[in-house]
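# Observations on chain architecture
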Amino acid sequence: MRTYLQTVPAASEAPRYVQIVLEQDLLGGWTLYRESGVQGGRATLKRDQYLERDDAIAAFEKARDAQIKRGFRVMFSQGMDGPHGR
């Protein structure tokens, strides 16, 4: 699953972005990546590990919803169809 969010930039500023990615690893666990920064500038990458799929999806949705509440807009979303991809 992947979601790319962005702020509406002011006239003289580059937009801020957040990219949230959830991937399954080779051992059956799940990794949640959260990248954020200014478009064309420095970025910060954080990574969290989850053993259970439902916990990973809940963390993904919580991270996405938190950014939407902060004023970010979803620009691109790719991932599982239906409720939790089932």
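Reading guide: rules and limits
Residues numbered from 1 in each chain as written. Predicted model: local features only at pLDDT ≥ 70, side-chain atom pairs only at ≥ 80, totals over all residues. Heavy atoms only, no water. pLDDT = per-residue confidence, 0-100. Helix = DSSP H or I, 4+ residues; strand = E, 2+ residues; numbered from the N terminus. Contact = heavy atoms within 4.5 Å. Expected span 1.5 Å × (residues − 1). Buried < 20%, exposed > 50% of the residue type's maximum accessible area, 1.4 Å probe, protein only. Arc of directions from axis to C-beta.

Within the protein chain, residue pLDDT values average 90, and 92% of them lie at 70 or more. For the protein chain, per-element mean pLDDT is lowest for strand β5 (residues 73–78), which scores 93, and highest for strand β4 (residues 43–50), which scores 97. Note that pLDDT drops below 50 for residues 82–86; the model gives that stretch eight contacts with residues more than four away or on any other chain.

Taking 1.5 Å as the rise per residue, helix α1 (residues 53–69) with 17 residues should run 24 Å; its terminal C-alpha atoms sit 24 Å apart, in good agreement. Residues of α1 that are buried include every one of A56, I57, A59, F60, A63 and Q67, and no others. Down the axis of α1, the sector holding all buried residues measures 160°, keeping them to one side. For α1, the exposed residues set more than 90 degrees away from the buried face come down to K62 and K69.

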